[in-house]
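A closer look at the structure
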Amino acid sequence: MDFTDFSEDQVNRYARHILLREVGGTGQAKLLDSRVLVIGAGGLGSPVLMYLAAAGVGTIGVVDDDRVDLSNLQRQIVHSTASVGRPKVESAKATLAAINPDVKLRAHEMRITAANAIDLMSQYDLVADGSDNFETRFLVNDAAYFARKPLVSAAILRFDGQLATYKAHVADERGQHGPCYRCIFREPPPPGQIPTCAEAGVLGALCGTMGSLQATEIIKELLGTGDSLSGSLLVYEGLSANFRKIKVKADPDCPLCGRHPTITDLSIHEGASDGRVCAVR
Ligand SMILES: [Zn+2]
């Protein structure tokens, strides 16, 4: 799409973006041509989906196999009381269509698995992880690396959140690249070591804080503007209102993106169980 093709309504809808030098008409047209895959229509997925739709990201895919439960509504703001019992992808699709009819929402009512992850990701420009368990988080990291897609990943538990961008498949002119999730967190923790959101709780508004930061980083990556978060881990501690940005490097011994990789396909994820825990540590 070209800026000159914008309808009057589109010029009006995106006026505050078009005013920004870093976005402008060209950037807005780029967003309308962009395709983002969001893993999970839950606490993080809700604000991510809503801000991406409002921003005019033209194609948004959402993967989730769950239905809306009353206990979700304290934080999963893309769903409403009337949607309890409906598939989350359907409920999210209705909300996004009401926000912005420019956006095509592709509802993938399924669990992301080793068998479908790379094929699914290959249909999009960028992957956003808002999943609620470590198995999915590692699968999404490995699949995004093989599919060569940037991954913007957020995680939450209780009052705390983390955010990072992983682009280990992109090397600079010196052959250097940023870390993947496995460079920082080598493998999933043993089951039961990290409490789940259902066991430990999560502040609803924290999902909004982290999901909005995630949406901002996604839009920056799509536009290629500002400083990429790749190479940093942003940690937010809600109770002390404290942000920390920690430098993280690629690990040359990483089994996925290192010099001598031992993970060369998604076979280690085949037959994974269905454990659901919040992915923050
Ligand atoms: Zn790595």
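For the structure, see preceding data.
As a starting point, this report considers the structure included with it. Worth saying up front: this structure is predicted, and the values here are computed from it rather than measured.

Focus: the pattern of salt bridges
Applying the stated criterion across every chain, the model contains 11 salt bridges. Across the pair R35 and D125 runs a salt bridge whose closest N-O atoms are separated by 2.8 Å. Residue R35 is found in strand β1 (residues 35–39), and its partner D125 is found in the loop between α6 (117–121) and β4 (126–129); the two are separated by 90 residues along the sequence.

Remarks on the sheet that holds strand β6 (residues 160–166)
Read from one edge of the open sheet, 8 strands run β3-β2-β1-β4-β5-β6-β7-β8, paired in mixed fashion. At either margin of the open sheet sits one strand with a lone partner, and together these are β3 (104–108) and β8 (242–247). Ignoring which end each strand starts from, the neighbouring axes of this sheet average 15 degrees apart. When strand β2 (residues 59–63) meets β3, the two strands line up parallel, connected through 5 bridges. Residue pairing for β3: V63 is matched across the bridge by H108.

Side note on helix α5 (residues 88–99)
An ideal rise of 1.5 Å per residue puts 16 Å on 12 residues; α5 measures up with 17 Å between its terminal C-alpha atoms. Among all positions of α5, only K88, V89, S91, A92 and L96 are buried. Viewed end-on, α5 has its buried residues packed into an arc of 160 degrees, placing them on one side of the element. Of the surrounding elements, those touching the buried residues of α5 are α4 (45–55), β2 and β3.

Points about the nonpolar core
Counting residues in hydrophobic clusters, the biggest one holds 40 residues, and the most contacted among them are V36, V38, L49, L52, I60 and I218. Within the residue set of this core, elements represented by two or more residues are β1, α4, β2, α5, β4, β5 (151–157), α10 (204–223) and β7 (232–237). Per-element accounting of this core gives the leading share, 8 residues, to α10. With 27 residues, the next largest nonpolar core counts L37, I112, F185 and V248 among its residues.

A few points about the packing of aromatic side chains
Each pair of aromatic rings is reported with the distance of its centres and the angle of its planes. This structure, assessed with the given rule, holds 6 aromatic pairs. Pairing Y181 with F185 gives two aromatic rings, centres 4.9 Å apart and planes at 50 degrees, and the pair type is tilted. A residue is classified by how much of its surface remains accessible, and Y181, at 5% relative accessible area, is buried. Feature note: the residues F138, Y166, Y181 and F185 constitute an aromatic cluster, connected by ring pairs.

Definitions and cut-offs
Residues numbered from 1 in each chain as written. Predicted model: local features only at pLDDT ≥ 70, side-chain atom pairs only at ≥ 80, totals over all residues. Heavy atoms only, no water. Salt bridge = Lys/Arg side-chain N within 4 Å of Asp/Glu carboxyl O. Helix = DSSP H or I, 4+ residues; strand = E, 2+ residues; numbered from the N terminus. Pairing = 2+ DSSP bridges. Axes fitted to C-alpha atoms, helices over the stretch in contact; angles between N-to-C directions. Expected span 1.5 Å × (residues − 1). Buried < 20%, exposed > 50% of the residue type's maximum accessible area, 1.4 Å probe, protein only. Arc of directions from axis to C-beta. Contact = heavy atoms within 4.5 Å. Core = buried A, V, L, I, M, F, W, Y, C linked by side-chain atoms within 4.5 Å. Phe/Tyr/Trp six-rings, centres within 6.5 Å; stacked < 30°, edge-to-face > 60°.

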